[in-house]
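Next come the chains, spelled out residue by residue.
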Amino acid sequence: MMVLMVIAALFALLAIGMPVGFAMGVSGAMGLLIGFGPNVLVGVLETTPISALNSYELITIPMFLLMAEMVLLSGIADDLFKTAAAWFGRIPGGLGIATTLAGAGFGAICGTSTASAATLSATSLPSMIKQGYEPRMAAGVVAISGTLAMLLPTSVALIIFALLAEVNVAKLLMSGIIPAMIVTLTIIATILFLVWQDPARAPAAPAVPFREKLRLLWGVGPMVVLFAIVTGAIFTGIATPTEASAVGAFGGFVLAVLKARPSLGQLQHSFERAAIGSCMIAMILMGASIFGYFFTLSHVTQDLVAWVGALHVSRWVIIVIILAMYIVLGSFMDQVAILVLTVPIVLPLIKSLGFDPIWFGVVKIVTAEVGMITPPIGLNCFIVARYSNRPVVEVFRGTMPHFVAHLFAIAIMVAFPAIVLWLPSLVHK
Amino acid sequence: MSALLAVIARAEALLATIASVVLGATMAIVATDVVMRYGFNHPFGWSYDLVSLYFTLVLFYFCLSRAFSAHAHVAVDILHYYVSARTRRVFALISCTLSAPLFAIIAAVTFQRAVDAFARHDIIEGAIEWPTWAYLALAPLGTALLTLRLLVDATAHAVALSGGPELIPLPPLARSDEGLEGASFE
C-alpha cells in the first residue's frame, strides 16, 4: 500500500511538471520517511548527494556534451551533409540518403539526438525542399536521422543507461554501432521505398564534379579522425571511455578554435551549456538514487521479479510487452525520464529472464529513438518543425513510415541478439 | 523581492561560470593525463582523485540552482498544454514548495558532515592527502542556494497568484519556441 502511495505521489509530482530528478528525490524521501523513519532518511540524504556523484565515469557525460557543443560551434557538421549530398545526390532520394548518412556521421561525434536534429534541420532540410522534395518526406527523414546519435559511441543516453544499469560503459558504447548501421540502412530502405512508390517525392540533384567531391571529402576528414580516435581508443582498450571522451572534447575544442575562431563569450556559453546539461543529468541520477534506496528497502523489484517468475509465460512475451510499454511511454514522456524511472525496475526482471543487460540497453535505446518521433510529444519532430518553419503535424506524418520501419528493425535486434552483442564481445577490457 | 531575485541570479551566474572553468580544466587535465600516460609513461598521480572527488561535485552543485532557474532540468510538462496559466502557476508553486524541504535537509545534513570532517581533519589518503571537508562542503553550498531559489520562487508565484506583480515568468513549455531554444540533451 505504501509503495503504491509513493508511486502515485511520484506520478502526481511528474504530472504537475516538477523536474524529474526533484520528483524522484521528493517522493523517494517521502517513502523513506513514512516507511523506514527519519534516521534512515537522514542517513540516505547524508551520503547519496556525495556518493551518487563521486564517480570518475560520470565525467564521460560532460565530456561528450562538451564535445557536441564544440562540434556545433565549429560548424563542420554543415560540411558533412554537403559531402554526402555531393556523393549520393544524383540518385533518386539521394539527398534523403545523404541526410541519413550525415545524421549517422554527426551522431558519431555528437551524442545528442536533439542537437543532431537541429543541425540537420538547418542544413539538409532547406536543400531537400529546394530540390523539390515532398516537404513531409524531407522533414520525416531529418527527424528520424537525428535519432541515430542515441546509438553511436558518444551517446549520452547509452551512458546514462550504463550508469543506471551498472554495466561496462565501453562495451555498451560499442554495442550500439552495428544496430546503428542497421537503423541507418532501415531509414535508407524506407526512403528508397517511398521514392519507388512515387518518384516525384524526391527528385535527383545535379551532378557534382569529381574533383569537388574529393575536396568536400577532405573537408570532413577531421571529423572522421575525431570519431576514429574516440571509438578506436574505447574499442582497443587504449583508453577508458572517460579518457576517450576528454580527448574527444579536447579534439572538438581544437576544431572549434581552428575552424570557427569563436569569441571568448561564445566559448563560455558553450562550456556553460555543457555544464548545465551535465548538472541536469546528474540531478536525475541523484534523484533516482534516493528513489532507488526506497525501492530496495521496500523489496519492490524482488517482489516484481518473483511475481513475473511465477506467471509461467514465455520470456519472449514479457520482453515484447516491455518494449510495447516503452513505445507507449515514449509517446508522452521524455526519454531520459523513461530511462531513470523504468531501468531500476525493469533491469532486474530482464536479468532474471536470462536476457543480456547490454542487449536490452541497446534495444531500449532503439525504442527511445521511436519515442523521439512519436506524437504527441516526439521531441525531434518539434525541433525539426521549429528550425525549418514547417507545421509539426507535417513532420509527424513524414516520420510515420520510419516509425513502422523501426518496428521491423527492433524485431530483428530482438530475434538476433548476436547483432548487438558480437562487437562488445571483442572489446578489450 | 526583486533585489533578492537579482542577488540570487548573480550568485547563480558566478557559480555557473566557475563550473564552466572547472569543466574546461577537467577536459584539459584528463586529456593531458592520457597523453602523459601513453606517450611518456608518466601519468598524473593526482588527477583521478581531483576529478572524481572535487570536480564532479563542483560541476553539479555549482550549476544546480542555475539549471533550475534556466528551466534546464527535464520535466514532464504534457499536462501543462491543457491547463490555464493560473493553474500552471499553482503547479509551479506546489513544485517549489515541496522541493525546498528536500534540498534544505540535504544542505543541513551535508553541512554537518563537512563540519565534522573538518573538526576531525579527515583526509583521503593518496599521492596527495585530500581534505574531505573541502568536497563535502560543495553539497551544502549548492543545495542551500537552490533552497533559497525555490523559496523565493514559491513566494513570487504566491504573490502573482494573489493578484500581485509577476516577478518571475512561468517555465516555458518544452515544445514552445522558447523551450526548444534550450532543448534537452536526449
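The preceding data block contains the structure.
I will try to describe carefully the structure that is included in this document. (Residues numbered from 1 in each chain as written. Chains lettered and ligands numbered in written order. Predicted model: local features only at pLDDT ≥ 70, side-chain atom pairs only at ≥ 80, totals over all residues. Heavy atoms only, no water.)

**Quick notes on the nonpolar core**
Heads up, the rule is: Definition of nonpolar core: a set of buried residues of the types Ala, Val, Leu, Ile, Met, Phe, Trp, Tyr and Cys, connected through side-chain atoms within 4.5 Å. Buried, partly exposed and exposed residues are distinguished by accessible area as a fraction of the type maximum, computed with a 1.4 Å probe on protein chains only: under 20%, between the cut-offs, and over 50%, respectively. In DSSP terms, a helix is any run of H or I states spanning at least four residues, a strand is any run of E spanning at least two, and both are numbered starting from the N terminus. We call two residues in contact when some of their heavy atoms are within 4.5 Å.
With 216 residues, the main nonpolar core has Val20, Ile160 and Phe360 of chain A together with Phe60 and Phe103 of chain B as its most contacted residues. Of all the elements, helix α15 (residues 264–298) of chain A adds the most residues to this core, at 18 residues. Beyond its immediate stretch of four places on either side in the chain, Val20 of chain A contacts Leu14, Ile284, Ala337 and Val340 of chain A together with Val74, Ala75 and Val76 of chain B.

**Brief notes about the packing of helix α2 (residues 20–36) of chain A against helix α3 (residues 38–51) of chain A**
All names here are of chain A. So the rule is basically this: Lines fitted to C-alpha atoms define the axes here, with helix axes fitted over just the stretch in contact, and angles between the N-to-C directions of these axes take values from 0 to 180 degrees. Classification used: nonpolar for Ala, Val, Leu, Ile, Met, Phe, Trp, Tyr, Cys and Pro, charged for Asp, Glu, Lys and Arg, polar for all others including Gly.
Their axes nearest at 7 Å, the elements α2 and α3 cross at an angle of 145°. Listed contacts from α3 to Ala29, Leu32, Leu33 and Phe36 of α2 are Pro38, Val40, Leu41 and Val44. Tallied by class, the residues present in the contact of α2 with α3 amount to 8 nonpolar, no polar and no charged.

**Digging into helix α17 (residues 315–330) of chain A**
Residue and element names in this part refer to chain A. Let me state the cut-off plainly: Multiplying one less than the number of residues by 1.5 Å gives the expected span of a helix. Nitrogen and oxygen atoms within 3.5 Å of one another constitute a polar contact, given that in protein one can donate a hydrogen and the other can accept it, and given that sequence-neighbouring residues count only through two side-chain atoms.
Its 16 residues give α17 an end-to-end C-alpha distance of 22 Å, which sits within 8% of 22 Å, the value for a rise of 1.5 Å per residue. Residues of α17 that are buried include every one of Ile318, Ile319, Ile322, Leu323, Tyr326, Ile327, Leu329 and Gly330, and no others. Near the N-terminus of α17, the side chain that reaches the backbone nitrogen of Trp316, with its oxygen 3.1 Å away, is that of Ser314.

**Re the pattern of salt bridges**
Operational definition: Here a salt bridge means any side-chain nitrogen of Lys or Arg lying within 4 Å of a carboxyl oxygen belonging to Asp or Glu.
The tally for this structure, following the rule as stated, stands at 12 salt bridges over all chains. For Arg273 of chain A, the salt bridge identified is with Glu69 of chain A, shortest N-O distance 2.9 Å. Separated by 204 residues along the polypeptide, Arg273 of chain A in helix α15 and Glu69 of chain A in helix α4 (residues 60–74) bring together distant segments of the chain. Judged by relative accessible area, Arg273 of chain A falls into the partly exposed class, the value being 26%. Note that Arg37 of chain B is salt-bridged to Glu243 of chain A, the shortest N-O span being 2.2 Å. Separated into two different chains, Arg37 of chain B in helix α1 (residues 2–40) and Glu243 of chain A in helix α14 (residues 241–260) make up a pair that spans both. The buried category is assigned to Glu243 of chain A, whose relative accessible area is 4%. Salt bridges sharing common partners tie together Glu243 of chain A together with Asp33 and Arg37 of chain B.

**Observations regarding the side chain of Thr100 of chain A**
Looking at the secondary structure, you find Thr100 of chain A in helix α6 (residues 94–109). With near-sequence residues (within four places) excluded, Thr100 of chain A lies in contact with Val141, Ser145, Leu148, Thr184, Ile187, Ile188 and Ile191 of chain A.

**Overview of the interface of chain A and chain B**
Quick reminder of the rule: Take the accessible area each of two parts loses on contact, using a 1.4 Å probe, and add the two losses: that sum is the buried area.
Contacts between the two partners involve 70 residues from chain A, matched on the other side by 60 residues from chain B. Buried area between chain A and chain B, both sides added, is near 6200 Å², and the carbon and sulfur share of it is 73%. The interface formed by chain A and chain B contains 2 salt bridges. The tally of links from chain A across to chain B stands at 9 residue pairs in polar contact (both at pLDDT 80 or more). The class makeup of the residues in the side of chain A that touches chain B is 51 nonpolar, 12 polar and 7 charged.

**Regarding the packing of aromatic side chains**
Quick note on the threshold: For Phe, Tyr and Trp, rings pair up if their centres lie within 6.5 Å, where Trp contributes its six-membered ring, and each pair is then called stacked (planes under 30 degrees apart), edge-to-face (over 60) or tilted (otherwise).
Under the definition given, this model contains 20 aromatic pairs over all chains. Ring centres of Phe22 of chain A and Phe68 of chain B lie 5.7 Å apart, and the angle between their planes is 15°; this geometry places the pair in the stacked category. Of the two residues, Phe22 of chain A is situated in helix α2 and Phe68 of chain B in helix α3 (residues 64–69); the pairing between them involves two chains. A single burial state applies to Phe22 of chain A and to Phe68 of chain B, both of which are buried. Taken together, a centroid distance of 5.9 Å and an interplanar angle of 75° make the contact between Trp87 of chain A and Phe210 of chain A edge-to-face. With Trp87 of chain A in helix α5 (residues 76–88) and Phe210 of chain A in helix α12 (residues 210–219), this pair connects stretches of sequence that are 123 residues apart. Among the residues examined, Trp87 of chain A registers a relative accessible area of 33% and is labelled partly exposed. The exposure class assigned to Phe210 of chain A is exposed, which follows from its relative accessible area of 53%.

**Description of the packing of α5 of chain A against α12 of chain A**
All names here are of chain A. Our working definition: For classification, angles of less than 35 degrees are called roughly parallel, those exceeding 145 degrees roughly antiparallel, those between 65 and 115 degrees roughly perpendicular, and all remaining angles oblique. Two helices cross in a left-handed way if the nearer one is turned anticlockwise from the farther one by less than a right angle. They cross in a right-handed way if the turn is clockwise.
Closest axis-to-axis distance for the α5/α12 pair is 9 Å, and the angle between their directions is 150°. Compared by their axis directions, α5 and α12 come out roughly antiparallel. You can see that α5 and α12 cross each other, and the crossing is left-handed. For the pair formed by α5 and α12, the contact residues are Lys82, Thr83, Ala86 and Trp87 on the first element and Phe210, Lys213, Leu214, Leu216 and Leu217 on the second. Along the lines of polarity and charge, the residues of the contact of α5 with α12 split into 6 nonpolar, 1 polar and 2 charged.

**Thoughts on helix α22 (residues 418–425) of chain A**
Residues and elements named next belong to chain A. Convention followed: The arc in question is formed by the directions pointing from the helix axis toward the C-beta atoms.
Every buried residue of α22 is accounted for by Ile419, Val420, Leu423 and Pro424. Seen along its axis, α22 keeps its buried residues to an arc of 125°; they face one direction. The outward face of α22, more than 90 degrees from its buried face, is lined by the exposed residues Ala418, Trp422 and Ser425. Elements in contact with the buried residues of α22: α10 (169–175), α11 (177–197), α13 (221–236), α19 (357–371) and α21 (392–415).

**Details of a nonpolar patch on the surface**
Residues and elements named next belong to chain A. Worth spelling out the cut-off: Put simply, a patch holds well-exposed residues, over 30% relative accessible area, that have no salt bridge, with like charges counted together within 9 Å and Val, Leu, Ile, Met, Phe, Trp or Tyr side chains within 5 Å. Per-residue and other accessible areas follow the Shrake-Rupley method at a 1.4 Å probe size, with only the shown protein chains counted as cover for residues.
Taken together, the side chains of Trp87, Phe88, Ile91, Phe210, Leu214 and Leu217 present a nonpolar region at the surface, about 550 Å² in accessible area. Of all the secondary structure elements, the ones that give two or more residues to the nonpolar patch are α5 and α12. Ranked by residue count, the leading element in the nonpolar patch is α12, at 3 residues.

**A closer look at the environment of Phe22 of chain A**
Of the residues examined, Phe22 of chain A reaches a relative accessible area of 0% and is grouped as buried. Separated by 162 residues in the primary sequence, Phe22 of chain A and Thr184 of chain A have C-alpha atoms spaced 36 Å apart. Among residues more than four places away in sequence, those in contact with Phe22 of chain A are Met283 of chain A together with Phe68, His73, Ser99, Leu102, Phe103, Leu146 and Leu150 of chain B.

**Observations regarding unusual backbone geometry**
For His71 of chain B, which is not glycine, the phi torsion reads 55° and is therefore positive. Looking at the secondary structure, you find His71 of chain B in the loop between α3 and α4 (85–120).

**Overview of the environment of Asp77 of chain B**
All names here are of chain B. As for its position among the elements, Asp77 is in the loop between α3 and α4. On the basis of relative accessibility, which here comes to 11%, the residue Asp77 falls in the buried class. Counting along the chain gives 31 residues from Asp77 to Ala108, while the straight-line C-alpha distance between them is 31 Å.

**Let's talk about the side chain of His80 of chain B**
Structurally, the position occupied by His80 of chain B is in the loop between α3 and α4. Looking at His80 of chain B, its side chain comes within polar contact range of the main-chain oxygen of Ile16 of chain A, at 2.7 Å. When neighbours within four sequence positions are excluded, His80 of chain B is seen to be in contact with Ala15, Ile16 and Gly17 of chain A together with Arg88, Phe91 and Leu173 of chain B.

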